[in-house]
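Each chain, written out:
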Amino acid sequence: MPRLHLHLLSDSTGETLEMIAKAALAQFEEAEVQRHFWPMVRSRQHLDRIVPDLAANPGLVLFTLVNDETRARLEEHCRHLGLPAVPVLDAVTAALESHLGQEAHGRPGRQHAMDAAYFARVEAIQYTIAHDDGIAHEDWEAADIVLAGVSRSSKTPTSIYLANRGYKVANIPLVVESPPPPALFSLRHPLVVGLTTSPERLVQVRRNRLLTIAEGRESSYADAERVAEEVRFARRMFADNDWPVIDVTRRSIEETAAAVIRLLSERRARGAPPVVGPKPI
């Protein structure tokens, strides 16, 4: 497959543009793409400094520029260089204008404004970091979500991803010899979700973990029988407490988080179910 130079120009952080490009490129296997990322392009002078790279590395130009003058100049440069230029948000913005009956404000970076939602997301991140790995269980009632699972079942990365989406998340490792605090079994506000995985996959992950910390001694941490016992213990706890379960064996962090959000949305739509009572193992 030929090599493609992909130029991404944004008048803000470029986060949205990068996500769109990543999602589109995921549909093309083995594509050799070199990305050229240009955020915060808000002046003619800045744009003119980028043009030599466009000329030296011709390819596809994707942009999110709301300033008419800057945008027109980019399109003019691309026509002169014979490069396709795609305004990735135009179709969506036009459709919204049509249905809402108003024009878009045309101000860069409005999705990153420091509004109430922004500060709520910051608060969610702070809460999640402070309640990782079973810490501060006395505050779990303030969480939106509590993730439970054995060690290395993607609890922490999933929690951090969800926190970046604005959800307060606590997580707790389930250990056979150390039962979780009683507070876990009487939570009313948070959605408790069990994360599970195949024992075989978990053994591989844990062995890799031991290698990264240069732990060469024999350990039950990655013993197949021991791991299978831990997984059975966790699954039994999930079933006894009627917690929804997500198998993360073949899921990415993003897919796991999306499944958690769907469960939370469904729960909120029908109203939080009453807590029957603690059922510790």
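Residues numbered from 1 in each chain as written. Predicted model: local features only at pLDDT ≥ 70, side-chain atom pairs only at ≥ 80, totals over all residues. Heavy atoms only, no water.

### Thoughts on the packing of helix H5 (residues 116–130) against helix H6 (residues 155–164)
Helices that pack against each other are described as a pair by the angle of their axes relative to one another and the distance between those axes.
Argument step 1. Contact pair H5 / H6: the axes reach a minimum separation of 8 Å and the direction vectors enclose 160°. Judged by the angle between their axes, H5 and H6 are roughly antiparallel. Here the hand of the crossing between H5 and H6 comes out right-handed. The residues of H6 that touch H5, namely those facing Arg121, Ala124, Ile125, Thr128 and Ile129, are Ser159, Ile160, Ala163 and Asn164.
Argument step 2. Its residues placed into classes, the contact of H5 with H6 shows 5 nonpolar, 3 polar and 1 charged. (Axes fitted to C-alpha atoms, helices over the stretch in contact; angles between N-to-C directions. Helix = DSSP H or I, 4+ residues; strand = E, 2+ residues; numbered from the N terminus. Parallel < 35°, antiparallel > 145°, perpendicular 65-115°, else oblique. Left-handed = near helix turned anticlockwise from the far one by under 90°. Contact = heavy atoms within 4.5 Å. Nonpolar A, V, L, I, M, F, W, Y, C, P; charged D, E, K, R; others polar.)

### Looking at the nonpolar core
Argument step 1. Ranked by internal contacts, the top residues of the largest apolar core, which has 22 residues, are Trp140, Val146, Leu174, Leu184 and Trp243.
Argument step 2. Contributing elements (two or more residues each) for this core: strand E5 (145–149), strand E6 (169–173), helix H7 (199–212) and helix H8 (224–240).
Argument step 3. If we skip the residues at most four places from it in the chain, Trp140 touches Tyr127, His131, Gly134, Ile135, Ala170, Ile172, Pro181, Leu184, Leu187 and Pro190.
Argument step 4. By size, the runner-up hydrophobic cluster in this structure holds 16 residues, among which are Ile145, Val248, Val260 and Leu263. (Core = buried A, V, L, I, M, F, W, Y, C linked by side-chain atoms within 4.5 Å. Buried < 20%, exposed > 50% of the residue type's maximum accessible area, 1.4 Å probe, protein only.)

### Description of the UniProt feature "binding site: ADP" (unreviewed entry) in the protein chain
Argument step 1. As annotated in UniProt, the feature "binding site: ADP" (unreviewed entry) corresponds to Gly149, Val150, Ser151, Arg152, Ser153, Ser154, Lys155 and Thr156 in the numbering used here.
Argument step 2. In this fold, Ser153 is placed in the loop between E5 and H6.
Argument step 3. With sequence-adjacent residues up to four places away left out, Ser153 is seen in contact with Leu195 and Val248.
Argument step 4. For Ser153, the side chain forms a polar contact with the main-chain oxygen of Val150, separated by 2.6 Å. (UniProt positions renumbered as here; feature names shortened; annotations may be inferred. Polar contact = N/O pair within 3.5 Å; in protein donor to acceptor, adjacent residues only side chain to side chain.)

### Here's the deal with the pairing of strand E3 (residues 60–64)
Side-chain positions along a regular strand alternate between the two faces of the sheet.
Argument step 1. Of all 5 residues in E3, 4 are buried; the element is thus mostly enclosed.
Argument step 2. Relative to E3, strand E1 (residues 4–10) runs parallel, the two sharing 5 bridges. Across the sheet, the residue bridging to Leu8 is Leu62, located in E3.
Argument step 3. The sheet contact formed by E3 and strand E4 (residues 85–87) spans 3 bridges and is parallel. Across the sheet, residue Phe63 finds its bridge partner in E4, namely Pro87.
Argument step 4. Each parallel crossover has a hand, and for E3 linked through helix H3 (residues 68–81) to E4 it is right-handed. (Pairing = 2+ DSSP bridges. Right-handed = clockwise from strand over helix to strand, strands pointing away.)

### Some points on the sheet that holds E5
Argument step 1. Within the open sheet, the 4 strands sit side by side as E6-E5-E7-E8. Their pairing is parallel. Strand pairing shows two members of the sheet lacking a second neighbour, E6 and strand E8 (245–247), which therefore form its edges. Looking at each pair of strands side by side, their axes are set apart by 25° on average, direction ignored.
Argument step 2. With 4 bridges joining them, E5 and strand E7 (residues 191–196) adopt parallel strand pairing. Directly across from Ile145, in E7, lies its bridge partner Leu191.
Argument step 3. Sheet strands touched by H6: E5, E6 and E7. Its angle to E6, the strand with the most contacts, is close to 175°.
Argument step 4. Those strands touched by helix H9 (residues 253–270) are E5, E7 and E8, and its axis lies near 150° from that of E7.

### Focus on the pattern of salt bridges
A side chain with one charge may pair with a side chain of the opposite charge, provided their charged atoms come close.
Argument step 1. Enumeration over the complete set of coordinates arrives at 10 salt bridges.
Argument step 2. Of the charged contacts in the structure, one is a salt bridge between Glu32 and Arg3, with a shortest N-O distance of 3.9 Å. One end of the pair, Glu32, is in the loop between helix H1 (15–25) and strand E2 (33–38); the other, Arg3, is in the segment before E1, with 29 residues separating them in the sequence.
Argument step 3. Residue classification places Glu32 among the partly exposed positions, given a relative accessible area of 42%.
Argument step 4. As a salt-bridge pair, Asp48 and Arg73 come within 2.9 Å of each other at their nearest N and O atoms. Of this pair, Asp48 sits in helix H2 (residues 44–56) while Arg73 sits in helix H3, placing them 25 residues apart in sequence.
Argument step 5. Residue Asp48 is classed as partly exposed on the basis of its relative accessible area of 28%.
Argument step 6. Shared partners join several salt bridges into a network, and the residues in it are Glu177, Arg206, Arg226 and Glu230. (Salt bridge = Lys/Arg side-chain N within 4 Å of Asp/Glu carboxyl O.)

### Brief notes about a nonpolar patch on the surface
Argument step 1. Side chains of Val92, Leu96 and Leu100 sit close together on the surface and give an oily, nonpolar patch of about 300 Å² of accessible area.
Argument step 2. Note that Leu100 resides in helix H4 (residues 90–100). (Patch = residues over 30% accessible without salt bridge, like charges linked within 9 Å, V, L, I, M, F, W, Y side chains within 5 Å. Areas by Shrake-Rupley, 256 points an atom, 1.4 Å probe, with all protein chains shown as cover.)

### A few points about the pairing of E1
Argument step 1. Counting buried positions over the 7 residues of E1 gives 6, a clear majority of the element.
Argument step 2. Inspection of the sheet shows E1 paired to E2 by 6 bridges, in the parallel sense. Across the sheet, residue Leu4 finds its bridge partner in E2, namely Val33.
Argument step 3. Each parallel crossover has a hand, and the one from E1 via H1 to E2 is right-handed.

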